[in-house]
Amino acid sequence: MASQRRRHYIDAERGRIVLGRYELPFPRTKLGRVVAGSALVGGGLLGFLPVLGFWMVPLGLFVLSHDLATVRRRRRRLAIWWRKRYPTVHRAGKR
């Protein structure tokens, strides 16, 4: 099990969001995280505009799931559903 390291997680100690090989700064206060997550979701809903993109919605929900239990539960349910529906996609990188 030691080889199955999570590739997407929030490192609260260092204040970073780790997305594979990329790391993004992360607000350390709860209010800052809720504001940043809400702003990402709001900007993602305007993804049809040139500067913004729809990629902001899942990132915003990921940030919000750190502090909001309802978002966290829905994210976990989606992850379980995805792994059941697409088991080969989840294991494609492992050989």
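Relevant structure appears above.
The numbering scheme is per chain: residues are counted from 1 as the chain's sequence reads. Confidence filtering applies because this is a predicted model: local features only for residues at pLDDT of at least 70, side-chain atom pairs given and counted only at 80 or more, and all residues used for totals across whole chains, interfaces and linings. With hydrogens and water excluded, all non-hydrogen atoms of the structure serve as input to the side-chain values.

At a minimum axis distance of 7 Å, the contact between helix H1 (residues 30-45) and helix H2 (residues 56-64) shows a crossing angle of 160°. Considered as vectors, H1 and H2 are oriented roughly antiparallel to each other. Handedness of the crossing formed by H1 with H2: left-handed. For the pair H1 and H2, the contacting residues are Arg33, Val34, Gly37, Ser38, Leu40, Val41, Gly43, Gly44 and Leu45 in the first and Met56, Val57, Leu59, Gly60, Leu61, Val63 and Leu64 in the second. The nonpolar class holds Ala, Val, Leu, Ile, Met, Phe, Trp, Tyr, Cys and Pro. Asp, Glu, Lys and Arg form the charged class, and all remaining residues, Gly among them, are polar. By residue class, the composition of the contact of H1 with H2 is 10 nonpolar, five polar and one charged. Inter-axis angles, ranging from 0 to 180 degrees, are taken between N-to-C directions of lines fitted to C-alpha atoms, where helices are fitted over the stretch in contact. The way it works is that DSSP assigns letters per residue, a run of H or I at least four long becomes a helix, a run of E at least two long becomes a strand, and they are numbered from the N terminus. Each angle receives one of four descriptions, namely roughly parallel if under 35 degrees, roughly antiparallel if over 145, roughly perpendicular if within 65 to 115, and oblique otherwise. Handedness of a crossing is defined here by the sense of rotation of the near helix relative to the far one, left-handed for an anticlockwise turn of less than a right angle and right-handed for a clockwise turn. Residue contacts are defined here by distance: any two heavy atoms, one from each residue, within 4.5 Å place the two residues in contact.

Here we take up the pairing of strand S3 (residues 22-25). Between any two strands, at least two bridges found by DSSP are needed for them to pair. In this sheet, S3 lies alongside strand S2 (residues 16-19) in antiparallel orientation, the contact comprising four bridges. Looking at the pairing, isoleucine 17 lines up with leucine 24 of S3. Taking the residues that link successive antiparallel strands as the turn, the S2-S3 hairpin has two residues, and the phi of glycine 20 there is positive, at about 70°.

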